[in-house]
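What follows is the residue order along each chain.
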Amino acid sequence: MNNFVILPIIIPIIAGMVMVIFRKRIIFHRYLSVCSIIAVGIVTLLLILQIDQEGVQTLQLGGWEAPFGVSMVADMFAALLILTTCVVALCCLLYAFRSIGQERENFYFYPLFMFLITGVIGSFMTGDIFNLFVCFEVMLVSSYVLISLGGTGNQLRESIKYILVNIISSFLFLVAIAFLYAMTGTLNFAHLSIRVAEAGQDGLMTVVAILFLIVFSLKAGLFLFFWLPGSYSAPPTAIAAIFAALLTKVGIYAIIRVFTLVFYHEPEVTHLLIGILAGFTMILGAVGAVAYWDIKKIITYNVIVGVGFILAGAASLTAEGLTGSLYYLIHDMVVKALIFLLGGTVIHLTGTSRLKDFSGLIRLYPGLGWMFFIAALSLSGIPPFSGFLGKIFITRGTFEAGFIWLGIIGLLTSLMVLYSIMKIFINGFWGTDTSEENEKRTTKGLLLPLGILTMLTITLGLGAEGIHHYVDLAVEGLINPGNYIEAVFGTRSVH
Amino acid sequence: METLMSILVGILFAIGIYLILTKTLLRIILGTSILGHGVNLLIITMGGLKKGGPPLLGIEDLTYADSLPQALLLTAIVINFATTALLLVLSYRAYKVLGTDDTEQMRGTENE
Amino acid sequence: MKKSNDVIIRSVTKVAVVIILTFAINLFISGHHQPGGGFIGGLAFASALILLFLAFDIETVRNHIPLDFKVVAAVGVLISVLTGVGAMLLDHPFLFQAFGYFKLPIFGKTELATAVLFDIGVALAVIGTSITIIMTIGDDR
């Protein structure tokens, strides 16, 4: 029992509720949101140190022993993701202060943001598949409101699509849970792992596993990403950035968790399928990114490529591949937030998202230009930035697992990603300054979060050795589900 | 009994999916609602439809009903209720702003 | 606007609301060992308020019950979460509930449980959310 485990979930929810009560005090909202995110970050840091020393930390809510109660489990994998979530959320918040606008702030922007973070962190930490559903819903309901906040025509149109797709995938999730419960009689991850391992993963169980894969793919944007480009380009920059950084990652987390902890017995079927889907996702995403001449579209398609690439590592189910996935997952959260914020800033400065309508931005905004350059290199995995290590490990993992085609697709699509981002850089930042008014719009306050994220992507690249120990621990936990199970049940034997 | 329930769930799913595939927003919302009911019935069926007392203190019974699917169901209903309400409000707003509730006419990516 | 003929619903509402509210509280209290509890009690309570909305109009009811129901929901969730935090302060797992038997003047030997506090939070959250939803759908601006 370790009550620390629950703190990252309840701090944001308490902060959010207090904000709802004191609705009118926007300044107070800002301070409270920043403070609570920082508090969550500190708690998570402590938690990481504790996990490093004592192994996986668990908490049985209300003292009800697993599998009867709801367990919260913080292993290294989850804790690292939560820490990244905090950093990214903080940067998006700082950006939102300057850019989100009075009207949205008055309409519960900060509380909703907090609930979104609650849902995301809850999903990372829950040890129970139904609780995962609940946390997903907390996250999704907040995202439904955030995406439609402001209510322009385009936003409403996209949010209706987004909500419908997610409602239907939630129903599918429930169907999958119902079948799983009927077959195993439990919903606790650790218990599921034991029972599935005992009974063997027969054909029916694999079908259920694939049903889960479909559900999480819809949420993560793995192959079933048709809803993603529209929805992510509709809301304002800060919201789009947090969506791109976090929401798809929760789906990815769920896939990795479920397919390393519970359904890992039939990799010839399930993991091959994940690999094939990841391959298609990368190709289609890269084609989309290359084809469009619109900043928002290019960067949203890059989200899709990233999803495919991370899951290519997960599909290999080798230590190397999973290490790569985890490195790349952390990198992707940071750099996707960065690139979305940069893209949003460019649109804010030029007033258009069409690439052919502006050029020569680097003359007026050198800082922004160079940050964009670094983000572009990092996104396509060029050393010494953070994407490089993940790329190496994932590619090696796929080769090791015999998915050579997948590794090659991954490398080819990185080139396409590089081209698509450089297209923005060359067309938008180089060239002669074509803007007529030639006035310099203010970027004050917007550059700070961008700077933090840029520094982070550089440090994650150069200082990868520093987090290597923790990543290794996380991957070891994923490869050997035994640690996780033992942490949940203690020394009791459960069948 | 389980067979009957399964058939009922199938019928509800069919109706729900049919409605979701139509063009009017209101019908789509009704479709999701009916689909939700189908899912809820599925959960309760999957838990096993057996006779037994409620799992409460002070009730002496030989068999007890499984309370977990019911707890899941309750949560699912609440979430379904909230999302349906949100979707209703949103599509009403969309109807007012975009001037149509026909998804065919809503198409497009331009911000008018 | 033509004045609508709603004598019957208004008269019935005046009586029914009291009955429903009493029943809601009964449901809430019986929830500890019998079917009932904060969730269902809160819903019954909300249904009474919704009946008021139907019989009179939203403005009238709002003038007489000047509560922001979003705040009610928030307070409810806060109470529920804080009971959990209280358990943490006493070094129990989050959401741990304690109970004990006390001799009270009128009731005699009574069981008092911290779960009731949690349930009060749930009830407030349910009341707040459902009324907020109904009011958002119901009032057309």
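The rules behind each value
Along each chain, residues carry numbers from 1 onward, in the same order as the chain's sequence is written. Here chains are named by letter from A upward and ligands by number from 1 upward, in the order in which they appear as written. Per-residue local features are limited, in this predicted model, to residues with pLDDT of at least 70; the limit for side-chain atom pairs, both in listing and counting, is 80 or more; totals at the level of whole chains, interfaces and linings are taken over all residues. Numbering of helices and strands runs from the N terminus, with a helix taken as a DSSP run of H or I at least four residues long and a strand as a DSSP run of E at least two residues long. Every radius of gyration here is taken over C-alpha atoms, with the globule rule written as 2.2 Å times N^0.38, N being the number of residues. With C-beta atoms placed from the backbone, a residue is labelled by how many other C-beta atoms lie within 10 Å of its own: buried for 20 or more, exposed for 12 or fewer, partly exposed between the two. Throughout, a pair of residues is in contact if the C-beta atoms placed from their backbones lie within 7 Å. Note: two strands are recorded as paired if DSSP finds a minimum of 2 bridges between them. As used here, a nonpolar core is made of buried Ala, Val, Leu, Ile, Met, Phe, Trp, Tyr and Cys residues. They are joined through C-beta atoms within 7 Å. Following the grouping adopted for this structure description, the nonpolar residues are Ala, Val, Leu, Ile, Met, Phe, Trp, Tyr, Cys and Pro, the charged ones are Asp, Glu, Lys and Arg, and the polar ones are all others, Gly among them. To get an axis, fit a line to the C-alpha atoms, keeping to the stretch in contact for a helix; angles then go from 0 to 180 degrees between the N-to-C directions. An angle below 35 degrees is treated as roughly parallel, one above 145 as roughly antiparallel, one from 65 to 115 as roughly perpendicular, and anything else as oblique. Values of pLDDT, ranging from 0 to 100, describe the predictor's confidence in every residue of the model. Two helices cross in a left-handed way if the nearer one is turned anticlockwise from the farther one by less than a right angle. They cross in a right-handed way if the turn is clockwise. One fewer than the residue count of a helix, multiplied by 1.5 Å, yields its expected span. To get the bend at a residue, fit one axis to the 7 residues ending there and another to the 7 starting there, then take the angle between the axes.

**Quick notes on the overall build of chain B**
Within chain B one finds four helices and zero strands. Overall, chain B shows an N-to-C arrangement of helices and strands of α-α-α-α. On C-alpha atoms alone, chain B measures out to a radius of gyration of 19 Å, which is more than a quarter above the 13 Å that the 2.2 N^0.38 rule sets for 112 residues. With respect to the three principal axes, the spread of C-alpha positions in chain B is 65 × 30 × 15 Å.

**Side note on the overall build of chain A**
When its secondary structure is counted, chain A shows 21 helices and two strands. With the C-alpha coordinates of chain A rotated into their principal frame, the extents come out at 75 × 55 × 40 Å. Within chain A, the proportion of its 495 residues that are buried is 63%. The long-range share in chain A, meaning contacts at least 24 apart out of those at least 6 apart in sequence, stands at 81%.

**Some details on the pairing of strand 2 (residues 71-74) of chain A**
Residue and element names in this part refer to chain A. Burial of strand 2 is two-sided: the residues Ser 71 and Val 73 facing one way and the residues Met 72 and Ala 74 facing the other way are all buried. As defined by bridge partners, strand 1 (residues 57-60) adjoins strand 2 across four bridges and the pair is classed as antiparallel. What sits directly across from Gln 57, in strand 2, is Ala 74.

**So, the pairing of strand 2 (residues 108-113) of chain C**
Residue and element names in this part refer to chain C. Of all the six residues making up strand 2, zero are buried; the element is thus mostly uncovered. Judged from the six bridges that link them, strand 1 (residues 99-104) and strand 2 form a sheet pairing that is antiparallel. Its bridge partner being in strand 2, Leu 104 is matched across the sheet by Gly 108. Between strand 1 and strand 2, which pair antiparallel and follow one another directly, the connecting turn spans three residues.

**Digging into the nonpolar core**
By size, the foremost hydrophobic cluster in this structure holds 252 residues, and its most contacted members are Cys 92, Ile 177, Ile 255, Leu 311 and Ala 337 of chain A. Looking at which element gives the most residues to this core, the answer is helix 11 (residues 237-261) of chain A, with 19 residues.

**Quick notes on the interface of chain B and chain A**
Taken residue by residue, the interface counts 28 residues in chain B and 25 residues in chain A. Where the side of chain B that touches chain A is concerned, the elements lending two or more residues are helix 2 (25-46) and helix 3 (68-98) of chain B. At 15 residues, helix 3 of chain B tops the list of elements feeding residues into the side of chain B that touches chain A. For the side of chain B that touches chain A, the per-class residue count stands at 18 nonpolar, eight polar and two charged.

**Some points on unusual backbone geometry**
Across the chain, the bulk of peptide bonds are trans and the bulk of non-glycine residues have phi less than zero. All names here are of chain A. A cis amide bond links Pro 383 to the next residue, Pro 384, at an omega of 5°. Secondary-structure assignment places Pro 384 in the loop between helix 16 (366-379) and helix 17 (387-400). Positive phi is not limited to glycine here, since Phe 223 has a value of about 65°. Considering the arrangement of structural elements, one finds Phe 223 in the loop between helix 9 (203-220) and helix 10 (228-233). On the neighbour-count criterion, Phe 223 (24 C-beta atoms within 10 Å) is buried. In the Ramachandran plot, Leu 317 falls in the positive-phi region, its phi being about 55° despite a non-glycine side chain. One can find Leu 317 in the loop between helix 13 (295-316) and helix 14 (319-350). A residue is classified by how many C-beta atoms lie within 10 Å of it, and Leu 317, with 20 of them, is buried.

**Some remarks on the packing of helix 3 (residues 76-99) of chain A against helix 14 of chain A**
Relative orientation and spacing of two packed helices are given, respectively, by the angle between their axes and the distance between those axes. Residues and elements named next belong to chain A. Two elements in contact, helix 3 and helix 14, have axes whose closest approach is 9 Å; the angle formed by their N-to-C orientations is 10°. Comparing the axis directions of helix 3 and helix 14 gives the class roughly parallel. Contact residues: helix 3 offers Phe 77, Leu 80, Leu 81, Thr 84, Val 88, Cys 91, Cys 92, Tyr 95 and Ser 99, while helix 14 offers Leu 326, Leu 329, Ile 330, Met 333, Val 334, Ala 337, Leu 341 and His 348. When the residues that make up the contact of helix 3 with helix 14 are grouped by side-chain class, the tally is 14 nonpolar, three polar and no charged.

**Re the environment of Cys 135 of chain A**
Residues and elements named next belong to chain A. Counting through the fold element by element, Cys 135 comes out in helix 6 (residues 129-148). For the pair Cys 135 and Ser 99, spaced 36 residues apart in sequence, the C-alpha separation works out to 28 Å. What Cys 135 contacts, discounting residues up to four positions off in sequence, is Gly 119, Gly 122, Ser 123 and Thr 126.

**Section: the confidence of the model for chain A**
Close inspection of predicted coordinates is inappropriate in any region flagged by low pLDDT. Mean pLDDT over chain A works out to 89, with 98% of the residues at or above the 70 mark. For chain A, the element scoring lowest by mean pLDDT is helix 15 (residues 361-364) of chain A, at 80; helix 5 (residues 109-125) of chain A scores highest, at 94.

**Let's talk about the packing of helix 5 of chain A against helix 11 of chain A**
Residues and elements named next belong to chain A. At a minimum axis separation of 10 Å, helix 5 and helix 11 run at an interaxial angle of 25°. On the basis of their axis angle, the class for helix 5 and helix 11 is roughly parallel. By crossing handedness, the relation of helix 5 to helix 11 is classed as left-handed. Each of Leu 116, Val 120, Ser 123 and Phe 124 in helix 5 lies in contact with helix 11, whose residues at this interface are Ile 242, Leu 246, Val 250, Tyr 253 and Ala 254. Grouping the amino acids of the contact of helix 5 with helix 11 by side-chain chemistry returns eight nonpolar, one polar and no charged.

**Side note on helix 11 of chain A**
All names here are of chain A. Between its first and last C-alpha, helix 11 extends 36 Å over 25 residues, near the 36 Å set by a 1.5 Å rise per residue. The principal kink in helix 11, of about 35°, is found at Phe 243. Buried residues dominate helix 11, accounting for 25 of its 25 residues.

**Regarding the confidence of the model for chain B**
Residues and elements named next belong to chain B. Per-residue pLDDT for chain B has a mean of 85; in total, 92% of the residues score no lower than 70. Looking over chain B, one finds the lowest element-wise mean pLDDT in helix 4 (residues 103-106), namely 80, and the highest in helix 1 (residues 2-20), namely 94. Taken together, the chains of this predicted complex give a pTM of 0.93 and an interface ipTM of 0.93.

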